[in-house]
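Structural features, examined
This is what each chain is made of:
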Amino acid sequence: MEMATSEQLRQDALAILQALRQAGFLAYFAGGCVRDQLLGRVPKDYDVATSARPEDVARLFPRTVATGKAFGVMQVVTAGRTCEVATFRRDSAQGDGRRPDAVAFSGPEEDARRRDFTVNGLFLEPLTGEVLDFVGGRQDLELKIIRTIGAPRQRFGEDYLRLLRAVRFAATLEFELEAATRTALQELAPRINNISAERIQQELTRLLTTAPHAGQGLRLLQTSGLLAVLLPEVAALAGQAQPPQFHPEGDVFEHTVLMLDGLTQPSSLTLAWAVLLHDIGKPPTAALTREPDGSDRIRFHYHDEAGARLAEGILRRLKMPADEITAITYCIKNHMRFKEVPQMRRATLRHLVGAPTFPVEMELHRLDCLSSHGHLGNYEFLLKFREELQNEPVLPKPWITGHDLLARGLPAGPELGRWHRRAYEAQLEGRCASREQLLAWLDQALRERLRDPAAPTAPSPPDHETH
Ligand code: ATP
Ligand code: MG
């Protein structure tokens, strides 16, 4: 299905709102879409709040899905697009700090008061532009502050996910945390562990991929105390010194902040998490070494591999989808190879450029350079190399197949695999101009092997390398 535009979603929500009113119910735009509209931002979706009960909603619209009926939330489906229609309600939490366990329907004011932050507690009458503000949300929009509706300790205590949401909204809207909200947040930060890993991961991902300056979001996670609880491996980057000649910007935390601030938003989940975690292998591998000139220098041997292993643990803990874990850890493990680009053979370069993660790795590398020494030589070299290959597949079909090798009497097995790889590398290197040339080399090499079975099993093809 095609992505619905914000305008389409607005039109859907408008039509739903008018139908509800014609049936005699109250109905408003509510929550995030009102906040975004008042800020002059494009809402990503439109939610409707109404006095109609879920069964009324089901009766009024031809297609509805009762996803959160117990909580009074219905999805109304229009031309394949959905709009959330929620009955005004007040929540009664049991106090385990997770989710409201029961719901009672109510009027608009109580519905506003159960919401998390004042800027999220507004209703809009879209036809007249009238705003219903029971919680002082409009003023806080103007002051650019995130403030809980009601006493912060109590509101965080009802649902500890709000701790992380406060930071996420502050970062994405570039608002400040109101003083009492911030104090309660710092005090209660360790309680974030009551929240499920998936929900934590989703909020962190929203922050990292959409905040205009995600690095400032990371700072806020740090100063609120959430980072030490959620990602101690990232918190450990603060204070980790690195050689100033390569990293004039400062310690590893500062470097990571700069890179996150450099993300073009919205960024991909893969890139944002790869940036956040790319250097977490540094603190555990840091070692002081004596240089030939007698000076001391900090080195981080194999920090890429250590970092990839740590990242895998973190991402599993956060219940990240398996394909994302694979991609992110691959980018981290590979990130130092970009330094070796000028010495790479063409076949190696082709493998690098042909990897599905290549675009993400390139951007990771670009940000890494720009947030430290500033040299983009290898980045530009790779751009050019990729361009040269524009009209051919980077990793073309192998000219020589297992079938060719079997037909020449090689038994199936690891040796056949080695011959196959050598032939493919020769093709990628451009050492043979055609399948025929490659086959000629292969026949010759196989004859030599027959004559002398002790000869290397898969000799190098003719070498007229240019690179
Ligand atoms: P976004 O643009 O990121 O979707 P949003 O404000 O729409 O922001 P949602 O998570 O979609 O955020 O929630 C919609 C609304 O529901 C919020 O604006 C807020 O009023 C309310 N809400 C959501 N989560 C909570 C919560 N954990 N506690 C209280 N109210 C919440
Ligand atoms: Mg929303």
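Here the structure is shown first, and the text comes after it.
All of the points below concern the structure found in this document. Note that the coordinates shown come from a computational prediction; the quantities given were computed from them, not determined experimentally. (Residues numbered from 1 in each chain as written. Chains lettered and ligands numbered in written order. Predicted model: local features only at pLDDT ≥ 70, side-chain atom pairs only at ≥ 80, totals over all residues. Heavy atoms only, no water.)

1. Side note on the overall build of the protein
Convention followed: Secondary structure elements follow DSSP: runs of H or I of four or more residues count as helices, runs of E of two or more count as strands, with numbering from the N terminus. Put simply, the radius of gyration uses C-alpha atoms, and a globule should come to 2.2 Å times the residue count raised to 0.38. Note on exposure labels: buried denotes an accessible area under 20% of the residue type's maximum, exposed denotes more than 50%, and partly exposed covers the range between, all computed with a 1.4 Å probe on protein chains only. We call two residues in contact whenever any of their non-hydrogen atoms come within 4.5 Å of each other. Under the convention used here, a 1.4 Å probe and the Shrake-Rupley method define accessible areas, while residue burial counts only the protein chains that appear. Neither His nor the chain ends contribute to the count of charged residues, in which Lys and Arg are positive and Asp and Glu negative. Positions of charges follow a simple convention, taking NZ of Lys, CZ of Arg, CG of Asp or CD of Glu.
A count of helices and strands for the protein gives 23 helices and 13 strands. Computed over C-alpha atoms, the radius of gyration of the protein comes to 29 Å, more than 25% over the 23 Å expected from 2.2 N^0.38 for 467 residues, which places it beyond the range of a compact globule. Along the three orthogonal principal directions, the C-alpha set of the protein runs to about 95 × 60 × 35 Å. Each of the 467 residues in the protein was classed as buried or not, and the buried ones make up 49%. Taking contacts inside the protein between residues at least 6 apart in sequence as the whole, the part at least 24 apart equals 66%. Roughly 22300 Å² of accessible area belongs to the protein as shown, and the carbon and sulfur atoms make up 52% of that amount. Side-chain charges in the protein split into 57 positive and 61 negative, and the spacing between the mean points of these groups amounts to 3 Å.

2. Quick look at the packing of aromatic side chains
Ring pairs (aromatic) are described by centroid distance and by the angle formed between their planes. Which entries qualify depends on this criterion: Between the rings of Phe, Tyr and Trp (Trp by its six-membered ring), a pair exists once the centres lie within 6.5 Å; its type follows the angle of the planes, with under 30 degrees stacked, over 60 edge-to-face, and the other angles tilted.
Per the stated rule, a full pass over the model turns up 7 aromatic pairs. For the pair Tyr-28 and Phe-88, a centre-to-centre distance of 6.4 Å together with 40° between the ring planes defines the contact as tilted. With Tyr-28 in strand 1 (residues 27-30) and Phe-88 in the loop between strand 5 (81-87) and strand 6 (89-92), the pair connects residues that are 60 residues apart, well separated along the chain. A relative accessible area of 12% means that Tyr-28 is categorised as buried. Three or more aromatic residues link up through ring pairs in this structure, and these residues are Tyr-28, Phe-88, Phe-123 and Phe-134.

3. Regarding the pattern of salt bridges
Going by this rule: Salt bridges are counted wherever a side-chain nitrogen of Lys or Arg sits within 4 Å of a carboxyl oxygen of Asp or Glu.
For the structure shown, the criterion picks out 28 salt bridges. Two residues, Arg-299 and Glu-291, come together in a salt bridge whose shortest N-O distance is 3.2 Å. Arg-345 is paired through a salt bridge with Glu-425; the nearest N and O atoms lie 3.7 Å apart. Placement of Arg-345 in the loop between helix 17 (322-334) and helix 18 (346-354) and of Glu-425 in helix 22 (residues 414-429) is noted, with a sequence separation of 80 residues between them. With relative accessibility at 34%, the residue Arg-345 sits in the partly exposed group. Put simply, Asp-116, Arg-165, Arg-168 and Glu-203 are held in one network by salt bridges that share partners.

4. Examining empty space enclosed by the protein
Stated formally: Definitions used for this entry: grid spacing 1 Å over protein atoms alone; cavity, a set of points where a 1.4 Å probe fits but cannot get out; pocket, an open set with protein on both sides within 12 Å along at least 5 of 7 lines; lining residue, one with an atom within 4 Å of a point. Grid points are joined across faces, edges and corners, and a volume is the space filled by probe spheres set on the points. All amino acids are sorted into three groups, where Ala, Val, Leu, Ile, Met, Phe, Trp, Tyr, Cys and Pro are nonpolar, Asp, Glu, Lys and Arg are charged, and the leftover types, Gly among them, are polar.
Within the structure shown, the criterion is met by 2 cavities of 30 Å³ or more. One number sums up the size of the largest cavity: a volume of about 40 Å³. Those elements that provide at least two residues to the lining of the largest cavity are helix 9 (197-210), helix 10 (214-224) and helix 14 (269-277). Ranked by residues supplied to the lining of the largest cavity, first place goes to helix 9 with 3 residues. For the lining of the largest cavity, a count of residues per class yields 8 nonpolar, no polar and no charged. Roughly 30 Å³ of internal volume is contained in the second largest cavity. It is helix 19 (residues 358-370) that provides the largest number of residues to the lining of the second largest cavity, a total of 3 residues. Looking at the lining of the second largest cavity residue by residue, the classes come out as 3 nonpolar, 2 polar and 1 charged.

5. Description of helix 8 (residues 179-188)
For clarity, the cut-off: By definition, the arc is the one covered by directions from the helix axis to the C-beta atoms.
Residues of helix 8 that are buried include every one of Thr-181, Ala-184, Leu-185 and Leu-188, and no others. Angular distribution of buried residues about the axis of helix 8 spans 105°; they occupy a single face of the element. Packed against the buried residues of helix 8 are strand 10 (145-146), helix 6 (152-158), helix 7 (161-173), strand 11 (176-177), helix 10 and helix 11 (226-230).

6. A word on the packing of helix 22 against helix 23 (residues 435-451)
Using the following cut-off: To get an axis, a line is fitted to the C-alpha atoms, and for a helix only the part in contact is used. The angle between two axes follows their N-to-C directions and goes from 0 to 180 degrees. If you view the pair so one helix is near and one far, a crossing is left-handed when the near helix is turned anticlockwise from the far one by less than a right angle, and right-handed when it is turned clockwise.
Two numbers describe how helix 22 lies on helix 23: the axes approach to 11 Å, and their chain directions differ by 145°. You can see that helix 22 and helix 23 cross each other, and the crossing is right-handed. Seen from helix 22, the contacting residues are Glu-415, Trp-419, Arg-422, Ala-423, Ala-426 and Gln-427; seen from helix 23, they are Leu-438, Trp-441, Leu-442, Ala-445, Leu-446 and Arg-449. Classifying every residue of the contact of helix 22 with helix 23 gives 8 nonpolar, 1 polar and 3 charged.

7. Structural notes on unusual backbone geometry
Gln-265 connects to Pro-266 through a cis peptide bond whose omega is -5°. Positionally, Pro-266 belongs in the loop between helix 13 (252-261) and helix 14. A positive phi is found at Tyr-302, a non-glycine position, where the angle reads about 55°. Tracing the backbone through its elements, the reader meets Tyr-302 in the loop between strand 13 (296-300) and helix 16 (303-317). Judged by its relative accessible area of 60%, Tyr-302 is exposed.

8. Some details on helix 20 (residues 377-388)
Note the following rule: Here, expected helix span is obtained from the residue count minus one, scaled by 1.5 Å.
Under the 1.5 Å per step criterion, the end-to-end length of helix 20 is 17 Å for 12 residues, consistent within 8% with the ideal 16 Å. When we look at burial in helix 20, the residues that qualify are Asn-378, Tyr-379, Leu-382 and Phe-385. Along the long axis of helix 20, the arc covered by the buried residues comes to 125°, so they all point the same way. When the buried face of helix 20 is taken as reference, the exposed residues oriented beyond 90 degrees from it are Lys-384 and Glu-387.

9. With respect to the sheet that holds strand 2 (residues 47-50)
The criterion, for reference: Two strands are counted as paired when DSSP detects at least two bridges linking them.
Spatially, the 7 strands line up as an open sheet ordered 3-4-5-2-1-8-9, and their pairing is mixed. Each edge of the sheet is formed by a strand with only one pairing partner; in this case those strands are strand 3 (64-68) and strand 9 (130-133). With direction set aside, neighbouring strand axes in the sheet form an average angle of 35°. Pairing analysis gives 6 bridges linking strand 4 (residues 73-78) to strand 5, with the strands arranged antiparallel. Across the sheet, Gln-75 pairs through a bridge with Glu-84, a residue of strand 5.

10. With respect to the pairing of strand 5
When you tally the buried positions in strand 5, you get 5 out of 7 residues, the bulk of the element. One ladder, built from 4 bridges, connects strand 2 with strand 5; its direction is parallel. Paired with Ala-49 across the strands is Ala-86, a residue of strand 5. Counted along the chain from strand 4 to the antiparallel partner strand 5, the turn is 2 residues long, and its residue Ala-79 has a positive phi close to 45°.

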